[in-house]
Amino acid sequence: LGNAIIKAELMLCETMLGRDERNFHVWNYRNWIVNSIKGPENDTVLKELKFLDQKLEQNFSNFSALHFKSKNLVSKYSLLVQKNADKKFENIEDMETLK
């Protein structure tokens, strides 16, 4: 998928989840989009983590968001951590970003 298409589809998912935050069809589609991105894309993973944290702050009992974060984003996150494991971190904020 091209970057423009990915951004547009993620925005569509965000709009739909704004209307119904527990719509598992949209969460599954969002999962498919994120997982269609090849390799551990640092920017994508961090944006998804931020998006999920916002959703969980809005409603901590949103189990759809929690499931997406705990099950579906784990593989991307672990690839990101492995990719950056051998880098030197100049400050603690860099390390916290990867956690």
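This text gives an overview of the structure that appears in the document. (Residues numbered from 1 in each chain as written. Predicted model: local features only at pLDDT ≥ 70, side-chain atom pairs only at ≥ 80, totals over all residues. Heavy atoms only, no water.)

Attention shifts here to the packing of aromatic side chains. The tally for this structure, following the rule as stated, stands at three aromatic pairs. Taken together, a centroid distance of 6.2 Å and an interplanar angle of 50° make the contact between Trp27 and Phe51 tilted. With Trp27 in helix H2 (residues 24-36) and Phe51 in helix H3 (residues 42-58), this residue pair connects regions lying 24 residues apart in the sequence. For the pair shown, Trp27 and Phe51 are each scored as buried. Aromatic pair Trp27 and Phe68: ring centres 5.3 Å apart, planes at 45°, arrangement tilted. With Trp27 in helix H2 and Phe68 in helix H4 (residues 63-72), the pair connects residues that are 41 residues apart, well separated along the chain. You'll find Trp27 and Phe68 in the same group, each marked buried. These aromatic residues form a ring-pair network of at least three members: Trp27, Phe51 and Phe68. (Phe/Tyr/Trp six-rings, centres within 6.5 Å; stacked < 30°, edge-to-face > 60°. Helix = DSSP H or I, 4+ residues; strand = E, 2+ residues; numbered from the N terminus. Buried < 20%, exposed > 50% of the residue type's maximum accessible area, 1.4 Å probe, protein only.)

Looking at the element boundaries, Lys55 is found in helix H3. Those residues in contact with Lys55 that sit more than four places away from it in its chain are Leu17, Gly18, Trp27 and Ala65. (Contact = heavy atoms within 4.5 Å.)

Once that is clear, we can look at the pattern of salt bridges. Evaluation of the coordinates by the stated rule reveals two salt bridges. In this structure, Arg30 and Glu48 form a salt bridge, with 2.8 Å as the shortest nitrogen-oxygen distance. In this pair, Arg30 is assigned in helix H2 and Glu48 in helix H3, connecting sequence segments 18 residues apart. An identical accessibility class is assigned to Arg30 and Glu48; each is buried. Note that Asp53 is salt-bridged to Lys69, the shortest N-O span being 2.5 Å. (Salt bridge = Lys/Arg side-chain N within 4 Å of Asp/Glu carboxyl O.)

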